[in-house]
Amino acid sequence: KSLFLVGIKQSINAIKAGTVKLILLAPNTEALDVLDEKIEGLLMEAEQRSIPICYCLNKRKLGKAALLSMKQSVVSILDADEAHDLYRQITHFIRPNGYERL
């Protein structure tokens, strides 16, 4: 069972399937029209389902955190069971009074 997945398209599909628990998004994503539309679609889908979004790291570090040699804009956490305490801390920080996008 996968703990996470990377990529905008894969993340949107997983959000729609109801399997995403948390989205990690690099704040230094390029401002390209096509990419902006995809990111905006991802954010909209996440907000509709109250999935917390954490803007963290940069694309290079986010890719390394996912054990990849490529830069990544998005990492979606599918299963936080192995890191439940950390997941709870992150989501508490992001959503202290309900859903918020940082």
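Please read all numbers here as calculations on a predicted model, not as lab measurements.

Asks: It is not clear to me how the sheet that holds strand S2 (residues 22-25) should be interpreted in this structure. Could you clarify?
Replies: Backbone hydrogen bonds hold the strands of a sheet together, and the pairing may be parallel or antiparallel. The strand order S1-S4-S2-S3 describes an open sheet built from 4 strands, whose pairing is mixed. Edge strands, defined here as strands with exactly one partner in the open sheet, are strand S1 (4-6) and strand S3 (53-55). Averaged over all adjacent pairs, the angle separating strand axes in this sheet is 20°, with direction ignored. As paired elements, S2 and S3 share 3 bridges and run parallel to each other. Paired with Ile-23 across the two strands is Ile-53, which belongs to S3. Across the sheet, helix H1 (residues 8-17) lies against S1, S2 and strand S4 (74-77), angled at about 135° from S1, the strand it touches most.

Asks: Sorry, what's going on with the state of the cysteines here?
Replies: Between two cysteines, a covalent bond joining their sulfur atoms is known as a disulfide. What the rule picks out here adds up to 0 disulfides. No disulfide involves Cys-54; its sulfur sits 4.3 Å from the nearest other cysteine sulfur, which is in Cys-56.

Asks: Where do I start with H1 in this structure?
Replies: Owing to its 3.6 residues per turn, the α-helix aligns residues three or four sequence positions apart on the same side. Listing the buried residues of H1 in full gives Ile-8, Ser-11, Ile-12, Ala-14 and Ile-15. With its buried residues spanning 165° around the axis, H1 presents them on a single face. Those residues of H1 that are exposed and aimed more than 90 degrees away from the buried face are Lys-9, Lys-16 and Ala-17. Just beyond H1, the residue with positive phi is Gly-18, at close to 80°.

Asks: What's the story with the nonpolar core in this structure? I'm lost.
Replies: Nonpolar side chains tend toward joint burial in soluble globular proteins. Core analysis: the largest hydrophobic core is formed by 16 residues, its most contacted members being Ile-8, Ile-15, Val-20, Ile-23, Ile-39, Leu-42 and Val-74. It is helix H2 (residues 33-48) that provides the largest number of residues to this core, a total of 5 residues. When sequence neighbours within four positions are dropped, the list of residues in contact with Ile-39 reads Ile-8, Leu-25, Thr-29 and Val-74. Ranked by size, the runner-up nonpolar core spans 10 residues in total, among them Leu-22, Leu-62, Ile-77 and Ala-80.

Asks: What is the right way to look at the confidence of the model for the protein in this model?
Replies: Confidence in the prediction of the protein, expressed as mean pLDDT, is 81, and 80% of residues score 70 or more. Ranking the helices and strands of the protein by mean pLDDT puts H1 first, with 95, and helix H4 (residues 84-94) last, with 69. Low pLDDT (under 50) marks residues 96-102, which in the prediction has 15 contacts with non-local residues, meaning those over four places away or in another chain.

Reading the values: the criteria
- The written sequence of each chain sets the order in which its residues are numbered from 1.
- Given that the model is predicted, a residue must reach a pLDDT of at least 70 before its local features are reported, and side-chain atom pairs must reach 80 or more before they are shown or counted; all residues, however, enter totals for whole chains, interfaces and linings.
- Note: side-chain values were computed over all heavy atoms of the structure, leaving out hydrogens and water.
- By this definition, two strands are paired if DSSP reports at least two bridges between them.
- Where helices and strands are cited, they refer to DSSP runs of H or I of at least four residues and of E of at least two residues respectively, numbered from the N terminus.
- Structural elements are reduced to axes, namely lines fitted to C-alpha atoms, with helices fitted over the stretch in contact, and the angle between N-to-C directions of any two is expressed from 0 to 180 degrees.
- Only heavy atoms enter the contact rule, under which two residues are in contact if any of them lie within 4.5 Å.
- By convention in this document, the label disulfide applies to cysteine sulfur atom pairs within 2.5 Å.
- Any residue under 20% of the maximum accessible area for its type is buried, any over 50% is exposed, and the rest in between are partly exposed; the area is computed with a 1.4 Å probe on protein chains only.
- The arc refers to the directions leading from the helix axis to the C-beta atoms.
- Buried Ala, Val, Leu, Ile, Met, Phe, Trp, Tyr and Cys residues form a nonpolar core when they are joined through side-chain atoms within 4.5 Å.
- What pLDDT expresses is the predictor's confidence in each residue, scored from 0 to 100.

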